[in-house]
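Secondary and tertiary structure notes
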Amino acid sequence: MIIKQFTDSGFKLSYLVIIIIIFLSSCQKAPINGDLDGQWQVMEVIPEPEEKLLDERIYYCFYLHVCQLTYYDGVCFAGNMEFDGETLYLDFPYADNPTREKWLRQYGITGNPITFTVEHLDKKSLIIKHGDTTVTMRKF
């Protein structure tokens with residue numbers, strides 16, 4: 001009955017189909033990094049940073065080519081990310097002084113830029129490693 005009304009009023013059924021196809025294929029970006037994309041709570045950083053600046057839960061947020069370092073009540077840094085399935089390259093261009101580097105150490109980032117080896121990645125857990133530093137996370 002609805003289709004008949006459209007065709008009777010001058011609309012062709014093909015126009016209706018085209019409109020539906022356009023509506024269903026919106027501009028949403030699909031995750032390009034597989035299980036990595038999303039928010040990860042840092043469970044453990046080994047070795048622990050010498051100076052503890054945050055006494056809250058901290059998070060890595062990965063999406064497309066961006067990594068955001070956040071904590072429970074705010075955002076620390078946003079950086080560039082490259083991920084090839086085995087290595088994770090992070091560069092935080094605005095972490096350019098000793099105070100900001102101390103903040104990065106809370107997340108297990110001992111240099112900037114840094115390349116982590118992905119030791120384990122699935123839908124619920126992530127373990128990344130750089131030298132002697134290991135960061136264990138869970139999907140949040």
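Preceding block: the structure.
What counts, and where the lines are drawn
Residues numbered from 1 in each chain as written. Predicted model: local features only at pLDDT ≥ 70, side-chain atom pairs only at ≥ 80, totals over all residues. Heavy atoms only, no water. Helix = DSSP H or I, 4+ residues; strand = E, 2+ residues; numbered from the N terminus. Buried < 20%, exposed > 50% of the residue type's maximum accessible area, 1.4 Å probe, protein only. Contact = heavy atoms within 4.5 Å. Areas by Shrake-Rupley, 256 points an atom, 1.4 Å probe, with all protein chains shown as cover. Salt bridge = Lys/Arg side-chain N within 4 Å of Asp/Glu carboxyl O. Core = buried A, V, L, I, M, F, W, Y, C linked by side-chain atoms within 4.5 Å. Pairing = 2+ DSSP bridges. Axes fitted to C-alpha atoms, helices over the stretch in contact; angles between N-to-C directions. Phe/Tyr/Trp six-rings, centres within 6.5 Å; stacked < 30°, edge-to-face > 60°.

1. What to know about the overall build of the chain
The helix and strand tally for the chain stands at three helices and eight strands. Starting at the N terminus, the α and β elements of the chain follow one another as α-α-β-β-β-β-β-α-β-β-β. Evaluated residue by residue, the chain yields a buried proportion of 28% over its 140 residues. Pairs at least 24 apart in sequence give 49% of the contacts found in the chain among residues at least 6 apart. Carbon together with sulfur atoms contributes 56% to the accessible area of the chain, which is approximately 9400 Å² in total.

2. Focus: the pattern of salt bridges
One pass over the full model with this rule turns up two salt bridges. A salt bridge links R100 to D96; the nearest nitrogen and oxygen atoms lie 3.2 Å apart. Assessed through its relative accessible area of 54%, D96 is described here as exposed.

3. Comments concerning the nonpolar core
In this structure, Y60, F62, L69, L90 and I109 are the most contacted members of the largest nonpolar core, which totals 27 residues. Sorting the residues of this core by element identifies β1 (38-46), β2 (58-63), β3 (66-71), β4 (74-83), β5 (87-91), β6 (114-121), β7 (125-130) and β8 (133-139) as the ones contributing at least two each.

4. Looking at the sheet that holds β7
Hydrogen bonds between backbone atoms are what pair the strands of a sheet, whose relative direction is either parallel or antiparallel. Pairing is antiparallel around the closed barrel formed by eight strands, whose spatial order is β1-β2-β3-β4-β5-β6-β7-β8. Strand-to-strand twist across the sheet, computed as the mean angle between neighbouring axes with direction ignored, equals 35 degrees. Where β1 meets β8, six bridges bridge the pair, whose relative direction is antiparallel. The partner of Q41 across the bridge, within β8, is R138. Seen against the sheet, helix α3 (residues 98-105) touches β3 and β4 and runs at an angle of roughly 75 degrees to β4.

5. Points about the packing of aromatic side chains
According to the stated counting rule, one finds five aromatic pairs in the structure shown. Aromatic side chains Y60 and F62 sit 5.6 Å apart centroid to centroid with 25 degrees between the ring planes, which places their arrangement in the stacked category. Judged on exposure class, the residue Y60 and its partner F62 are both buried.

6. With respect to the side chain of Q41
For Q41, the position within the fold is in strand β1. If near-sequence neighbours (up to four positions away) are discounted, Q41 is found in contact with R57, I58, Y59, T136, M137, R138 and F140.

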